[in-house]
Amino acid sequence: MIMGAVDKRNQHINDSLKEAQEAHDALAGLEEAKEKALAEQHAEQIRIMNENQELRTQLIEEAKAQARAEAEKIVADARLKIQKEQAEAMAEIKREVITLSVDIAEKLLQRELGNKDAQSQYIDNLLKNNEKRIEA
Amino acid sequence: MDNGKISVRYARALLNLACQQQCEAEVYDCLVRLTKQYSLAINPFNEVLSNPMITDSEKIQLILTAIGEPIHPCLRQFLDFVTEKKRVNKIFLIGLKYQEMYRKARNILRADVTTATELDDNTLGKIQSFVEDTFHCSAEMHVKVDPSLIGGFLLDIEHDRMDASIAGRLNKLKKDLNVL
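Residues numbered from 1 in each chain as written. Chains lettered and ligands numbered in written order. Predicted model: local features only at pLDDT ≥ 70, side-chain atom pairs only at ≥ 80, totals over all residues.

Engineer: Even after reading the chapter, I still don't get the overall build of chain A, so can you show me in this structure?
Structural biologist: Broken down by element type, chain A carries two helices and zero strands. When the 136 residues of chain A are sorted by exposure, 4% land in the buried category. (Helix = DSSP H or I, 4+ residues; strand = E, 2+ residues; numbered from the N terminus. Buried ≥ 20, exposed ≤ 12 C-beta atoms within 10 Å, placed from the backbone.)

Engineer: Mind showing me how you'd approach the pairing of strand 1 (residues 108–115) of chain B here?
Structural biologist: Working note: regular strand, side chains alternate between the two faces of the sheet. Residues and elements named next belong to chain B. Here strand 1 pairs with strand 2 (residues 138–145) via eight bridges, running parallel. Note on strand 2: the bridge partner recorded for Val 113 is Val 143. Note that the unit made of strand 1, helix 7 (residues 121–135) and strand 2 has a crossover that is right-handed. As defined by bridge partners, strand 1 adjoins strand 3 (residues 152–157) across five bridges and the pair is classed as antiparallel. Looking at strand 3, one finds that Ala 111 is bridged to Ile 157. (Pairing = 2+ DSSP bridges. Right-handed = clockwise from strand over helix to strand, strands pointing away.)

Engineer: How should the nonpolar core be read in this particular structure?
Structural biologist: In a soluble, globular protein the nonpolar side chains are often hidden away together inside. With 24 residues, the main nonpolar core has Leu 14 and Val 27 of chain B as its most contacted residues. The set of elements that each furnish at least two residues to this core consists of helix 1 (3–20), helix 2 (24–40), helix 4 (56–67), helix 5 (73–84) and helix 6 (91–106) of chain B. With six residues, helix 2 of chain B is the largest single contributor of residues to this core. Other than its neighbours up to four places away in sequence, Leu 14 of chain B contacts Val 27, Phe 78, Ile 94 and Tyr 98 of chain B. Counting residues in each nonpolar core, the second largest holds 17 residues, with Ile 123 of chain A together with Val 131, Ala 139 and Leu 149 of chain B among its members. (Core = buried A, V, L, I, M, F, W, Y, C linked by C-beta atoms within 7 Å. Contact = placed C-beta atoms within 7 Å.)

Engineer: I keep staring at the interface of chain B and chain A and nothing clicks. Help me out?
Structural biologist: When the parts come together, some accessible area is lost, and that loss is often what is quoted as the size of the interface. Contacts between chain B and chain A engage 20 residues on the former and 18 residues on the latter. Looking at the side of chain B that touches chain A, the elements that each hand over two or more residues are helix 7, strand 3 and helix 8 (166–179) of chain B. Of the residues forming the side of chain B that touches chain A, the biggest block, six residues, is contributed by helix 8 of chain B. Tallied by class, the residues present in the side of chain B that touches chain A amount to 11 nonpolar, six polar and three charged. (Nonpolar A, V, L, I, M, F, W, Y, C, P; charged D, E, K, R; others polar.)

Engineer: Any chance you could explain the sheet that holds strand 4 (residues 160–165) of chain B here in plain terms?
Structural biologist: All names here are of chain B. An order of 2-1-3-4 is seen for the four strands of this open sheet, with the pairing classed as mixed. Edge positions in the open sheet fall to strand 2 and strand 4, since each of these has one partner strand only. The sheet shows a mean angle of 20° between the axes of neighbouring strands, taken without regard to direction. Sheet strands in contact with helix 7 are strand 1, strand 2 and strand 3, and its direction is about 140° off that of strand 2. (Axes fitted to C-alpha atoms, helices over the stretch in contact; angles between N-to-C directions.)

Engineer: What should I look at first to understand unusual backbone geometry in this one?
Structural biologist: For residues other than glycine, phi is negative in most cases, and the peptide bonds are mostly trans. Residue and element names in this part refer to chain B. Cis geometry marks the peptide bond from Glu 69 to Pro 70, where omega comes out at -5°. Structurally, Pro 70 can be placed in the loop between helix 4 and helix 5. Located in the positive-phi region is Asn 107, a residue other than glycine, with phi close to 55°. Tracing the backbone shows Asn 107 in the loop between helix 6 and strand 1. Taking the C-beta count within 10 Å as the criterion, Asn 107 has 10 such neighbours and is therefore assigned exposed. Here the phi dihedral of His 136 falls at roughly 50°; this positive angle occurs in a residue that is not glycine. On the secondary structure map, His 136 appears in the loop between helix 7 and strand 2.

Here it is, written out as structure tokens:
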């Protein structure tokens with residue numbers, strides 16, 4: 001009877017040890033799975049970070065290109081505007097010079113042809129030149 | 001019938017009448033004087049000639065006054081005829097048409113000369129000779145003065161203009177320089 005109890009006790013201890021070993025093994029498996037999951041998560045994080053870095057670099061490059069294009073357009077527009085204003089100013093100066101020159105010529109001719117004799121002389125020459133042109 | 005056709009018809013009749021009486025040049029002179037006076041007061045003239053309250057004899061008197069002396073009897077006779085036909089208000093157009101027909105028949109060109117100052121007869125004669133030599137015709141000169149021309153002259157012949165004025169040359173110079 002005592003032996004039976006000892007055997008039973010031994011059996012119980014063995015079962016417990018076995019259960020403990022199984023629990024230990026299961027825990028080790030879980031630990032491994034956790035490590036694996038952590039490694040995968042870490043790899044995913046690195047991948048996402050890399051992707052973000054590329055996107056960031058791309059966005060920065062695009063923003064830089066856009067800013068450069070806008071700056072070039074502003075410079076080109078400003079250059080065109082300056083050229084246009086320069087041309088207008090030159091044309092205005094030219095017009096004024098022409099008007100002034102013609103006005104001066106007009107005043108001089110008015111003085112030169114201020115009397116009847118000068119008018120007659122001028123018309124004489126005009127008609128002679130015209131005759132020559134007709135003969136030619 | 002429009003005014004043009006009416007005036008041409010009457011002008012031709014007057015020219016035929018004047019040719020028969022060999023007085024076309026005298027009638028022409030009278031009509032030149034009439035159109036000159038008429039041009040100075042077109043509106044009042046038209047008002048009087050088309051006013052039914054004014055008698056025909058008063059209208060004729062107005063026309064005779066505008067023509068001045070001498071008035072050739074042929075034209076006087078024609079005025080009575082036109083008045084009788086109720087066309088006295090067309091006398092100005094008839095006069096113009098007569099002048100056109102007369103000049104065409106005599107190979108005369110009307111030349112309107114504008115000069116900057118009044119010119120002596122010698123210079124005007126040279127311009128006239130220039131026109132006659134150029135167009136192979138007789139030239140009837142009508143001169144007026146426009147000081148804005150500065151010098152030279154403007155010549156209007158029929159529908160053509162020759163600008164030999166200083167003002168014209170300066171304008172051309174200004175345009176040419178602006179194009180450069």
